[in-house]
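The lines below spell out each chain.
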Amino acid sequence: MQISELINFQKMSHSIVDLRSDTVSQPTDKMRDRMASAVVGDDVYGEDPTVKELEARTAALFGKEAGLFVPSGTMGNLLAIMVHCHRRGAEALVGDLSHIFLYEQGGASHLAGVQLATLKNEQDGTFSLQELRRRIRHEDCHEPITSLVVVENTHNICGGKVVPLAFLDELAALVRQPGVGTGSARIALHMDGARVFNAAAALGVGVERICRDFDSVSICFSKGLSAPVGSVLVGSKAFISEAHRLRKALGGGMRQAGVLAAAGLVALDEVVPLLGKDHERTKKIAKAIFELQSPNITVSLETVQSNILLVEITQPKLLASEFADRLGTVESGELEAGVTGKHGAGIVVKACARDWAFARLVLYHQVDEGQVELAIRKLKYVIGQYDLRWPRE
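Residues numbered from 1 in each chain as written. Predicted model: local features only at pLDDT ≥ 70, side-chain atom pairs only at ≥ 80, totals over all residues. Heavy atoms only, no water.

A. Highlighting the sheet that holds strand S6 (residues 188-193). Here 7 strands make up an open sheet; going across it, the order is S2-S8-S7-S6-S5-S3-S4 and the pairing mixed. The open sheet has two edge strands with one neighbour each: strand S2 (66-70) and strand S4 (115-119). Geometrically, the sheet is characterised by an average inter-axis angle of 25 degrees between neighbouring strands, direction not taken into account. Two elements, S2 and strand S8 (residues 231-235), share 5 bridges in a ladder whose sense is antiparallel. (Pairing = 2+ DSSP bridges. Helix = DSSP H or I, 4+ residues; strand = E, 2+ residues; numbered from the N terminus. Axes fitted to C-alpha atoms, helices over the stretch in contact; angles between N-to-C directions.)

The structure is reproduced here in C-alpha cells:
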C-alpha cells in the first residue's frame, strides 16, 4: 500500500459499534423533548416538581417511602453507606468484586470514615452466607461494628449476573435473626442496583420484589436506561431525610435539576420495557462467538443473563487489552475480505478491557440489530485471525 493510499484509508469513515459500556448510551428523542420543556424549580429548596415526580415514582416502583435524585450512582452508594454506618468505627461488608469496593475510589473510607470488609464473590454475584455470618462483628471493643451488607445486582464484574431471589431472601433472613447485630440496631441491607431494572427484566418480576427486604437501593438512570445524568436513592422517609442532608455536604445539591430528571421519567416509560431486547441481542453475540469453538477466545454461553457479555481470553499469549485494541482497528485485509458496513466502510468495535482475563461488551438501547450484525462480523474475523495464528493443537 502506497503512503497516499494509507493516508486515505486511515481517513475513511468507519462504522462504529461502541460496546464499552451502557454509560455511552444516548438520550432518546423523547428524552430531549421532555428535558427541553421540563417544569423546574430550585431542588435544594425542594421546589422542583419534575425532580419530585421522578423521586416519588421511583420510590413507589420499589415499594419504598421516598426517593432522592443524585448526580451519580457512586454518590447514591456513598450516601447509603454514610446513613447506615453513621457511627464512627462502623464496617460494611461488600463483595470483593463489587463496584463499591473496586471502582468508587474508596469513598467509604476517606469520605465516610467507614471500613469496607470484603467477601469473596462467587461467579453468580453472590457470596457465602456462612462466611458472612462468621464475619459479622458485635460488641468486642477491639473490632469495628458491622452495620451494613451490600449486594450488587446485576453484578458488573461477574458478567451482568442476576443475583438469585433465593439468595436475597436467605440473606435478609440471616441479618434479621435474633442476636445478629449490635444491641437493638440491626444490620442494614443496601443494594447497589445500578442495573436492577435489568435484573427484573431477566427474572420477569418487578423491582419491588427484588428489593423487598432491602433498606435502601441506588438505581442508575444513565446506564442502560439512556438518561444523560443521575441516579435515584430510595428508602424510608427517615433514611432519605438524612441522605438529603448529607447530599449537600457531598456537593450533590442541584438547582433546576428537573431538566435532568425529566429524562429519567421518560426512561421509566420508554426504555425500561425494552431492556429484554438488550438481553436478547447480547445473547445473540455470545452465541456467535461460542459457535466459533475458538481455542483462544470464547464465552460461557449458559451464564449470559443480561446486557453484559464477558469474552474470555483463553490464549495465554494474548492480553484482553490487545484483543480490544484489535477490535478497534481496521486493517486493509478485512476490507478486502468484505468485513464492512454500509458503503464498504470498515467496522470498529469498541470493547472494554483492563487487567482482566476477559474483554467486556455491554449492550444498550441504541445498539440495534444492524449494529449487532456488524459486531458479530468483526468479532468472527478477528477471532479467526487469532485462530490461524494459534490453531487448536
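We are not done yet, so read on.
B. Structural view of unusual backbone geometry. Omega for the bond connecting Asn-153 with Thr-154 falls within 30 degrees of zero, at 0 degrees, which places this linkage in the cis form. With respect to the element layout, Thr-154 can be found in the loop between strand S5 (145-152) and helix H8 (165-175). Although it is not a glycine, Ser-226 adopts a positive phi angle of roughly 75 degrees. Position of Ser-226 among the secondary structure elements: in the loop between strand S7 (216-220) and S8. Of note, the phi angle at His-343 is positive, near 60 degrees, even though the residue is not glycine. Mapped onto the secondary structure, His-343 falls in the loop between helix H15 (332-336) and strand S11 (347-350). Looking at His-343, the relative accessible area reads 84%, which means it is exposed. (Buried < 20%, exposed > 50% of the residue type's maximum accessible area, 1.4 Å probe, protein only.)

C. Focus on the pattern of salt bridges. Within this structure, the stated rule accounts for 20 salt bridges. Among the ionic pairs, Arg-20 bridges to Asp-18, the shortest N-O distance being 2.5 Å. On the basis of relative accessible area, Arg-20 is assigned to the partly exposed category, the value being 36%. Exposure remark for Asp-18: the relative accessible area of 12% places this residue in the buried category. Between Asp-215 and Arg-186 there is a salt bridge whose closest N-O contact spans 2.6 Å. Here Asp-215, found in the loop between helix H10 (207-210) and S7, pairs with Arg-186, found in the loop between H8 and S6; they are 29 residues apart in sequence, far enough to count as distant. The buried category is assigned to Asp-215, whose relative accessible area is 18%. (Salt bridge = Lys/Arg side-chain N within 4 Å of Asp/Glu carboxyl O.)

Geometry only, nothing functional implied.
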